[in-house]
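Survey of secondary and tertiary structure
Listed here are the chains, written in short residue letters.
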Amino acid sequence: MSSQHQTPLFDGLKQHAAKQTVPFHIPGHKRGTGMDPEFRHFIGENLLSIDQINIEPLDDLHHPHGIIDEAQKLAAEAFSSDYTFFSVQGTSGAIMSMIMAVCGPNDKIIVPRNVHKSIMSAVVFSGAKPVFIHPELDRDLGISHGVSVNSVAKAIRNHEDAKALLMINPTYFGISADLETIVETAHHYNIPVLVDEAHGVHIHFHEELPVSAMQAGADMSATSVHKLGGSLTQSSVLNVQGELISRSRVQTVMSMLTTTSTSYPLLASLDTARRYLAVNGRQALTNTIKLAEDTRKQLNAIPGIYCPGRELLDGKTRFDFDPTKLIISLRDLQIDGYQIEQELRREYNIEVELSDLYNLLCILTPGDTEKTAGRLVQAIKQIAAKYFRAEKPVTDQLNVDIPNIPILTLSPREAFYSETEIVPLTESAGRISAEFIMIYPPGIPIFIPGEIIENENIDYILKNKESGLPVQGLEDTTLKNIRVIRRQEAIR
């Protein structure tokens, strides 16, 4: 077994930089001497010295056989996978590679409807046909959770020819389903399980956190190291294990979707983040979990604020919970989440991960301290004092607005490439969408190509737009018009 203290990729880059070679190859900035001086001074000579290209001493991500290969093997050992691929296309690129490695035109893939846009993009690219499972809708918090074992089993029984089952574990808000049982169910039918683990790189490294994809026996997981694992933005890994997946096929698809000018700073950050997680992760996460629980307790002491914890769990769709995610429910304040996000930014110099009509989402990592968490608590306390009204009736369950799940009538690929026309969004009910539309973050589509547009969802979009939330995806950024499938009229 190799030592997880090693960083062969990072060390190799430093050794090459120390040689001070005379480069007659790209990148043209040549260690910063050929670029804007202010930018060079700001980012520093060390970073520029390892911003290299795939020359022979530095290996090639598309055909790894040297220091990249060594680093990926160490990552596989750390994540308990058979093989780990580094991604410089973010987790979105890893997700698309994962799906396109197992699904082709007209192949079925079973997915929860609350999936990230990258998953539906892969469905469009591959030509696969999604079989949607409805996630549980939490009408108290106004968010979606996981899917149940029973709903997965029912979907598989009805579609035994599915090429894959895709799961989200954990969700953006830190909720996990019973992944181990779900994997066992799918494997009984020889269906591989692919996991969007964008928000769960850390869970593999602490026993008090939900079970990770590899620990649950999943076949592949796209795991976002940059989000919560300490690597640079846009760096991720794709973990593979078992006999249901062709490693060479995954390598081929990843190569097709990956730039040939791979970023060595991103790759080096994956190498060192893996070392940190493997060597120091457990202790660092122990401290983070304690900080999160202390912060949750303080937030729950604020009138008008609710920060849910393990009481959310039901053993089904809410099987486990990542306490480092702070869902701050604003259900008893006379202000929405987006307005509070703006006030936190403007008045307190605090940025949150996400806001919606009813919640804030804040994440704590080993980079947080009692000081940073304390600033958040004090800011929320002061804001809540302004907007909480004691006479306002507090209900156990609010009538929050959650978008309907539309009916899919065409495959996303068919809809995306169909003849289309543009109509006003407010007049589009009953038409078939040819576009994605989502609120980002978290990037979960309200409509995808091929779904029938409903009035209720138009109202939801407009309500979020009026509140200032970032509704994205349409070609028309004003959100006045939407592209729909052209109606085919009979020839007279």
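Anything mentioned here points back to the structure above.
Fair warning: this is a prediction, and the values are worked out from it, not measured in the lab.

1. Let's talk about the sheet that holds strand 2 (residues 108-112)
With mixed pairing, the seven strands of this open sheet are ordered in space as 1-10-9-8-6-2-3. Strands at the two margins of the open sheet, each flanked by one partner only, are strand 1 (83-87) and strand 3 (129-133). On average, adjacent strands in this sheet sit at an angle of 20° to one another, irrespective of strand direction. Across the face of the sheet, helix 7 (residues 149-158) comes into contact with strand 2, strand 3 and strand 6 (164-168) while running at roughly 145° to strand 3.

2. Some thoughts on the environment of Ala284
Mapped onto the elements, Ala284 comes out in helix 11 (residues 264-300). Once residues lying within four places of it in the same chain are set aside, the contact partners of Ala284 are Tyr276 and Pro366.

3. As for helix 8 (residues 179-188)
Taken together, the buried positions of helix 8 are occupied by Leu179, Ile182, Val183, Thr185 and Ala186. Mapping the buried residues of helix 8 onto a view down its axis gives an arc of 160°, with all of them on the same face. The exposed set on the far side of helix 8, more than 90 degrees from its buried face, consists of Glu184 and His188. Summarising the contacts, the buried residues of helix 8 are in contact with helix 7, strand 6 and strand 8 (193-197). Immediately downstream of helix 8, the backbone of Asn190 shows phi near 60°, a positive value.

4. Regarding the nonpolar core
In terms of nonpolar packing, the biggest core is built from 36 residues, with Ile99, Ile109, Leu166, Leu194, Met220, Leu238 and Val250 touching the most fellow members. When residues of this core are traced back to their parent elements, those giving at least two are strand 1, helix 5 (90-100), strand 2, helix 6 (117-126), strand 6, strand 9 (220-223), strand 10 (236-240) and helix 10 (247-257). The element that contributes the greatest number of residues to this core is helix 5, accounting for six residues. Apart from the residues lying within four places of it in its own chain, the contact partners of Leu194 are Met98, Ile99, Val102, Ile109, Ala164, Leu165, Leu166, Met167, Met220 and Ile245. Among the nonpolar cores identified, the runner-up in size contains 29 residues, and Ala75, Ala78, Ile203 and Val237 belong to it.

5. Observations concerning the pattern of salt bridges
One pass over the structure, following the stated rule, counts 19 salt bridges. The closest approach of N and O atoms between Glu136 and Arg318, which form a salt bridge, is 2.9 Å. With Glu136 in the loop between strand 3 and strand 4 (137-138) and Arg318 in the loop between helix 11 and strand 11 (320-321), this pair connects stretches of sequence that are 182 residues apart. Judged by relative accessible area, Glu136 falls into the partly exposed class, the value being 21%.

6. Concerning the packing of aromatic side chains
Per the counting criterion, the structure on display carries four aromatic pairs. A centroid spacing of 6.1 Å and a plane angle of 45° characterise the contact between Tyr172 and Phe173, whose relative ring orientation is tilted. On the accessibility criterion, Tyr172 (12% relative accessible area) is buried. Between the NZ or CZ atom of Lys117 and the centre of the ring of Phe436, over which it lies, the distance is 5.8 Å. One cation-aromatic arrangement involves Arg247 over Tyr83; the distance from NZ or CZ to the ring centre is 3.9 Å.

Rules and cut-offs
Residues numbered from 1 in each chain as written. Predicted model: local features only at pLDDT ≥ 70, side-chain atom pairs only at ≥ 80, totals over all residues. Heavy atoms only, no water. Pairing = 2+ DSSP bridges. Helix = DSSP H or I, 4+ residues; strand = E, 2+ residues; numbered from the N terminus. Axes fitted to C-alpha atoms, helices over the stretch in contact; angles between N-to-C directions. Contact = heavy atoms within 4.5 Å. Buried < 20%, exposed > 50% of the residue type's maximum accessible area, 1.4 Å probe, protein only. Arc of directions from axis to C-beta. Core = buried A, V, L, I, M, F, W, Y, C linked by side-chain atoms within 4.5 Å. Salt bridge = Lys/Arg side-chain N within 4 Å of Asp/Glu carboxyl O. Phe/Tyr/Trp six-rings, centres within 6.5 Å; stacked < 30°, edge-to-face > 60°. Lys NZ or Arg CZ within 6 Å of the ring centre and 35° of its normal.

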